[in-house]
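Tertiary structure, described
Chain by chain, the residues:
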Amino acid sequence: MGKNKKPLIILFAASALFFFLSGIYWLGIPLILLVGVVYLLHRMRIPEKLEKHKWLKTTGIFVGVFILAIVFRVFFIEIFSIPSGSMEDTLIPGDKVLVNKLAYGPKLPASPYEIPWINLIWYLQARADVYPDSVYWKYRRLSGFGSIKRNDVMVFIHPIWGGRNNFFIKRCVALPGDTLVIENGNIKVNGQLLPEPEQAKRLYRVWADSPRLYRLADS
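1. Remarks on the overall build of the chain
For the chain, the helix and strand inventory stands at 6 helices and 7 strands. Along the chain, helices and strands appear, N-terminal first, in the series α-α-α-α-β-β-α-β-β-β-β-β-α. Expressed as a percentage of its 219 residues, the buried residues of the chain come to 19%. Contacts in the chain between residues at least 24 apart in sequence constitute 49% of all its contacts with a sequence separation of at least 6. Summed over its atoms, the accessible surface of the chain is roughly 16,900 Å², and 63% of this surface lies on carbon and sulfur atoms.

2. Points about the sheet that holds strand β5 (residues 180-183)
One open sheet accounts for 3 strands, arranged β5-β6-β7; its pairing is antiparallel. Each of the sheet's edge strands pairs with one partner strand only, and the pair in question is β5 and β7 (192-193). As defined by bridge partners, β5 adjoins strand β6 (residues 186-189) across 4 bridges and the pair is classed as antiparallel. Looking at the pairing, Ile182 lines up with Ile187 of β6.

3. Some thoughts on the packing of aromatic side chains
Throughout the structure, instances matching the rule amount to 7 aromatic pairs. Relative to Phe167, the ring of Phe80 lies with its centre 5.0 Å away and its plane at 65°, an arrangement referred to as edge-to-face. Taken together, the residues Phe80 in strand β1 (residues 77-81) and Phe167 in strand β4 (residues 167-171) connect sequence positions 87 residues apart. Exposure remark for Phe80: the relative accessible area of 17% places this residue in the buried category.

Rules and cut-offs
Residues numbered from 1 in each chain as written. Predicted model: local features only at pLDDT ≥ 70, side-chain atom pairs only at ≥ 80, totals over all residues. Heavy atoms only, no water. Helix = DSSP H or I, 4+ residues; strand = E, 2+ residues; numbered from the N terminus. Buried < 20%, exposed > 50% of the residue type's maximum accessible area, 1.4 Å probe, protein only. Contact = heavy atoms within 4.5 Å. Areas by Shrake-Rupley, 256 points an atom, 1.4 Å probe, with all protein chains shown as cover. Pairing = 2+ DSSP bridges. Phe/Tyr/Trp six-rings, centres within 6.5 Å; stacked < 30°, edge-to-face > 60°.

Limitation: the analysis is restricted to geometry and does not speak to function.
Next comes the structure, spelled out in C-alpha cells:
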C-alpha cells in the first residue's frame, strides 16, 4: 500500500472507533468494512489495473458517487421545505432546513418509494392500484447521538395521517410522563409556566377612553 493511502486508512479507522464509542455501532461497522475493502484493493493492485481501462474507472466512480449520495440522504442529512406558517416567526413557509438524522438516529425506509432516486424505478413500474405510501417493511430506527429534548425543533411524519410527504415541523414542549396544560394561551409543563420565545407573536387589546381615539384608530 502506498504511503499516500495510509492517512486515509487511519482516518477511517479513527472514525469507526469514534462511532463505536458513541454507541452508533451501525455506522462503525461499515467503516471498518470499508477500510478492509480499500486495503484488499490495494493489496491486489486493482487500482493500477483500472488505469488500463479508463471506462471501468469512470463507471466505478459514477456508481460510487451515486450510492454515496443515496446513503447520505437516507442516513445523515436531508433537506425539507417548511409547509405551513405554524412555526412563524422561527420558520417561515418556503424556508429550507437541513435535518440532521444522526441527532435521534435515522429511520430506515418503509418501502422502496422512500429510497431517493431508487424510487424512480418503482414509480415507473407502479400500477394504478399501487400506492406510494404503502408499507413494505416494519418500522425501525437506528441509534443516534441523543434523544428528544424539550424545545427541540424536529421533523416527523404524522402518526395518524401518515404519508410519505405528509411531514410536520414542530417544537417539542413536553416529553412522555410530563403534565401539559394550556390555559388562556399559556403553556404549563409539570405545573410551571413555559417561557415564551422572543419571536413569539402576541395579540393586544386596546381600550380607548374617548370617541376621538376611536376615530384616530380607524383613520
